Amino acid sequence: EISCNEGAAELARAAIVNGEAVLSADGAVVAETGIFTGRSVKDKFIVRDAATANTVWWENSQGMSREHFAALLADFRLALRGKSLHVQELFAGADPQHRLGVTVITETAWHALFIRNLLRYRAEDAAMSATILQLPSFVADPARHGTRTGTVIALDLSRNIVLIAGTAYAGEIKKSVFSLLNFHAPLHGVFPM
C-alpha cells in the first residue's frame, strides 16, 4: 500500500496506530531513533562520476562507485516490495527559480511527518527534482554495496537519488536535502547555505 501526501494529522495518527511513535503529555508525536541519535557521518557516500569528480570535497566525503550504487538501488527496489510506504512530494527552497522538488519515500509515517514539517508542500513541478528513499529496516551489505557497515546514506548527485538504510535517525533525510542543494546551487550561480 502506498499513501501519498498524507497530511500531518493523518501521518501522526498512522505513526501512533503502527506503534512507531507515542504522544507526549503535551500532544507532540515522540519517536525513538534506535541506536542512532545523530547522523552517521562515516556512513555517508557520494557516487564518484564525471559530475562529482572535480566538484566534491573528497577529503571530507567518501566515494562510492556507480556499480555499488546500482546494486544498492536494485536491492532497495526489492526491499520495497510488499511494504506500506509513505510518499511526500515537497519543495526545498522558496524561490521558484531555484527550489528543488523532493519526493521522499519512507516506510514509516513518522519519518514522512518529520520531513513534511521541514519542507514545503509541492503543488507544482520544479525545474529540478530529487528522490529520497529511506528504509531504516534495510541493512546494507558492505561487500555487495561498498559500504562501511550495514548503515548507509548514498547520494547519486548526477541522478538526484538518495538511499538511506540501517538508521532511523530522521536528520539524515534533512541533511540529504541540504547536500543536494549545496551541490547544485553553485552550479546555477547561487551561493549555498
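Note that the structure is predicted; figures quoted are calculated from it, not measured.

Draft legend 1. How the structure looks around the packing of aromatic side chains. Under the counting rule described, the total for this entry stands at 1 aromatic pair. Ring geometry for Phe 76 and Phe 138: centres 4.8 Å apart, planes at 45 degrees, overall tilted. Linking Phe 76 in helix H2 (residues 66-80) with Phe 138 in the loop between strand S9 (128-135) and helix H4 (142-145), this pair joins segments that are 62 residues apart in sequence. Positioned above the aromatic ring of Trp 58 is the side chain of Arg 48, whose terminal nitrogen or guanidinium carbon lies 3.9 Å from the ring centre. Cation over ring: Arg 99 sits above Phe 91, and NZ or CZ is 3.9 Å from the ring centre.

Draft legend 2. Structural context of unusual backbone geometry. Although it is not a glycine, Asn 5 sits at a positive phi angle of roughly 50 degrees. Assignment of secondary structure puts Asn 5 in the loop between strand S1 (2-4) and helix H1 (8-17). For Asn 160, which is not glycine, the phi torsion reads 55 degrees and is therefore positive. Its place among the elements puts Asn 160 in the loop between strand S10 (152-156) and strand S11 (161-165).

Draft legend 3. Local environment of helix H3 (residues 109-118). Along H3, the residues that are buried comprise Ala 109, Trp 110, His 111, Ala 112, Leu 113 and Ile 115. Turning to H3, the residues buried within the fold contact H1, strand S3 (29-31), strand S6 (85-92), strand S7 (100-106), S9 and helix H5 (171-187).

Draft legend 4. Fine view of the pairing of strand S4 (residues 44-47). Of the two faces of S4, both are covered, the one formed by Lys 44 and Ile 46 as well as the one formed by Phe 45 and Val 47. Bridge count for S4 against S10 is 3 bridges, and the pairing is parallel. Residue pairing in the sheet places Phe 45 in a bridge with Ala 154 of S10. With 3 bridges joining them, S4 and strand S5 (residues 62-64) adopt parallel strand pairing. Looking at the pairing, Ile 46 lines up with Gly 63 of S5.

Rules used throughout
- Residues numbered from 1 in each chain as written.
- Predicted model: local features only at pLDDT ≥ 70, side-chain atom pairs only at ≥ 80, totals over all residues.
- Heavy atoms only, no water.
- Phe/Tyr/Trp six-rings, centres within 6.5 Å; stacked < 30°, edge-to-face > 60°.
- Helix = DSSP H or I, 4+ residues; strand = E, 2+ residues; numbered from the N terminus.
- Lys NZ or Arg CZ within 6 Å of the ring centre and 35° of its normal.
- Buried < 20%, exposed > 50% of the residue type's maximum accessible area, 1.4 Å probe, protein only.
- Contact = heavy atoms within 4.5 Å.
- Pairing = 2+ DSSP bridges.

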